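Here is how the chains run, residue by residue.
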Amino acid sequence: MTANEDQEMELEALRSIYEGDERFKEIGPSGFQYLVGDVGDSKSFLIEISWPETYPETAPNISMNAFFNNQISPQVKQSIANKLQNQVEANLGTAMTYTLFEYAKDNKEELMEHHQPFNNTITLAGSDGTLEPTNITASSKKKDKKEQLTKAQKRKLADKTDHKGELPRGWNWVDVVKHLAKTGTHEDE
């Protein structure tokens with residue numbers, strides 16, 4: 001069989017095996033992603049495998065550089081990639097994408113044993129020259145939102161303004177007669 005026939009057969013097998021599995025994604029005719037673990041689990045990671053033209057006779061490309069893996073240190077990513085590469089060498093010449101995904105699932109704890117979740121911090125130099133870690137929070141990045149008016153509030157405002165958008169002179173004056181009628185005080189008494 002040619003490499004393309006092997007790839008077509010493996011692609012068909014992967015589609016049938018992972019049908020309905022939300023963790024598996026096909027990202028092109030020869031690229032796949034698999035989420036090992038659950039979303040929200042700090043020890044979850046995403047593996048990307050892509051096939052070169054001569055796969056399975058040559059090794060697939062394995063990547064741990066997905067945005068999902070940003071909380072994983074580069075050392076742990078490299079360790080996972082190295083262990084998967086050992087599996088590639090053991091299975092060279094055969095369809096191995098399913099084998100690699102299953103190996104990662106079965107050995108998740110071992111692959112992530114040195115993982116320490118870290119938050120992305122930026123280090124700034126203090127006035128005395130020492131380095132101080134500073135967390136960037138979403139609220140510091142976000143601009144203050146402008147207060148939004150409802151349609152009724154906008155209509156009411158438009159009714160009060162003239163064609164230039166300005167309020168007419170005396171719009172907020174108090175009608176003295178109505179005011180005195182409400183308060184009940186009269187000068188005649």
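Residues numbered from 1 in each chain as written. Predicted model: local features only at pLDDT ≥ 70, side-chain atom pairs only at ≥ 80, totals over all residues. Heavy atoms only, no water.

Within an unreviewed UniProt entry, the label attached to the protein reads RWD domain-containing protein 4A, and the organism entered is Aquarana catesbeiana.

Q: Is there a simple way to explain the overall build of the protein in this structure?
A: When helices and strands are tallied, the protein shows seven helices and six strands. The helix and strand sequence of the protein, counted from the amino end, reads α-β-β-β-β-α-α-α-β-β-α-α-α. With 189 residues in all, the protein has 24% of them scored as buried. When contacts within the protein are restricted to residue pairs at least 6 apart in sequence, those whose partners lie at least 24 apart make up 47%. (Helix = DSSP H or I, 4+ residues; strand = E, 2+ residues; numbered from the N terminus. Buried < 20%, exposed > 50% of the residue type's maximum accessible area, 1.4 Å probe, protein only. Contact = heavy atoms within 4.5 Å.)

Q: Just checking my understanding: could you explain the pairing of strand S2 (residues 31-36) for this structure?
A: Side chains on a regular strand alternate between the two faces of the sheet. Where burial is concerned, most of S2 is hidden: six out of the six residues are buried. Of the two faces of S2, the one lined by Gly-31, Gln-33 and Leu-35 and the one lined by Phe-32, Tyr-34 and Val-36 are each fully buried. As judged from the three bridges shared by strand S1 (residues 24-26) and S2, these two strands associate in the antiparallel manner. Across the sheet, Lys-25 pairs through a bridge with Gln-33, a residue of S2. Pairing analysis gives six bridges linking S2 to strand S3 (residues 45-50), with the strands arranged antiparallel. Its bridge partner lying in S3, Leu-35 is registered against Leu-46. (Pairing = 2+ DSSP bridges.)

Q: Is there a simple way to explain the nonpolar core in this structure?
A: A general feature of soluble globular proteins is that nonpolar side chains tend to end up buried together. Among the nonpolar cores identified, the biggest contains 26 residues, and Phe-45, Ile-47, Ile-80 and Phe-101 are the most heavily contacted of them. Those elements that place two or more of their residues in this core are helix H1 (3-17), S2, S3, helix H2 (74-91) and helix H3 (97-106). In terms of residues, this core owes the most to one element, H2, which gives five residues. Apart from the residues lying within four places of it in its own chain, the contact partners of Phe-45 are Tyr-34, Leu-35, Val-36, Met-64, Phe-68, Asn-69, Ile-72, Ile-80, Ala-104, Lys-108, Leu-111 and Met-112. (Core = buried A, V, L, I, M, F, W, Y, C linked by side-chain atoms within 4.5 Å.)

Q: Explain the environment of Ile-72 here, please?
A: Mapped onto the elements, Ile-72 comes out in the loop between strand S4 (61-63) and H2. Residues Ile-72 and Phe-45, spaced 27 residues apart in sequence, show a C-alpha to C-alpha distance of 8.1 Å.

Q: Whenever I open this one, the packing of H2 against H3 confuses me. Can you help?
A: Each pair of packed helices can be described by the angle between their axes along with the distance between the axes. The contact between H2 and H3 brings their axes to 10 Å, and the two run at 140 degrees. Looking at the two axes, H2 sits oblique to H3. Where H2 crosses over H3, the two elements pack in a sense that is right-handed. Residue-level inspection shows Lys-83, Leu-84, Gln-87, Val-88 and Asn-91 of H2 in contact with H3, the latter providing Thr-99, Leu-100, Tyr-103 and Ala-104. Within the contact of H2 with H3, the residues separate by chemical class into five nonpolar, three polar and one charged. (Axes fitted to C-alpha atoms, helices over the stretch in contact; angles between N-to-C directions. Parallel < 35°, antiparallel > 145°, perpendicular 65-115°, else oblique. Left-handed = near helix turned anticlockwise from the far one by under 90°. Nonpolar A, V, L, I, M, F, W, Y, C, P; charged D, E, K, R; others polar.)

Q: In this structure, what is going on with the packing of aromatic side chains? I would like to understand it.
A: Geometry of an aromatic ring pair is reported as the spacing of the ring centres plus the angle between the planes. By the definition in use, this model includes nine aromatic pairs. Their ring planes at 50 degrees and their centres at 5.3 Å tell us that Tyr-18 and Tyr-34 sit as a pair that is tilted. With Tyr-18 in the loop between H1 and S1 and Tyr-34 in strand S2, this residue pair connects regions lying 16 residues apart in the sequence. The class of Tyr-18 is buried, set by a relative accessible area of 5%. A relative accessible area of 1% places Tyr-34 in the buried class. Between Phe-24 and Phe-32 the ring centres are 5.9 Å apart and the planes differ by 20 degrees, which places this aromatic pair in the stacked class. Residue Phe-24 is classed as buried on the basis of its relative accessible area of 12%. (Phe/Tyr/Trp six-rings, centres within 6.5 Å; stacked < 30°, edge-to-face > 60°.)

Q: Even after reading the chapter, I still don't get the pattern of salt bridges, so can you show me in this structure?
A: The tally for this structure, following the rule as stated, stands at four salt bridges. Across the pair Arg-23 and Asp-38 runs a salt bridge whose closest N-O atoms are separated by 2.4 Å. You can see Arg-23 sitting in the loop between H1 and S1 and its partner Asp-38 sitting in the loop between S2 and S3, a full 15 residues away along the chain. Residue class for Arg-23 comes out partly exposed when judged on its relative accessible area of 33%. Close ionic contact of Lys-105 with Glu-102 constitutes a salt bridge, the shortest N to O distance being 3.1 Å. Placement of the pair is Lys-105 and Glu-102 together in helix H3, with a separation of three residues, close to one helical turn. Relative accessible area serves as the criterion here: at 16%, Glu-102 is assigned to the buried category. (Salt bridge = Lys/Arg side-chain N within 4 Å of Asp/Glu carboxyl O.)

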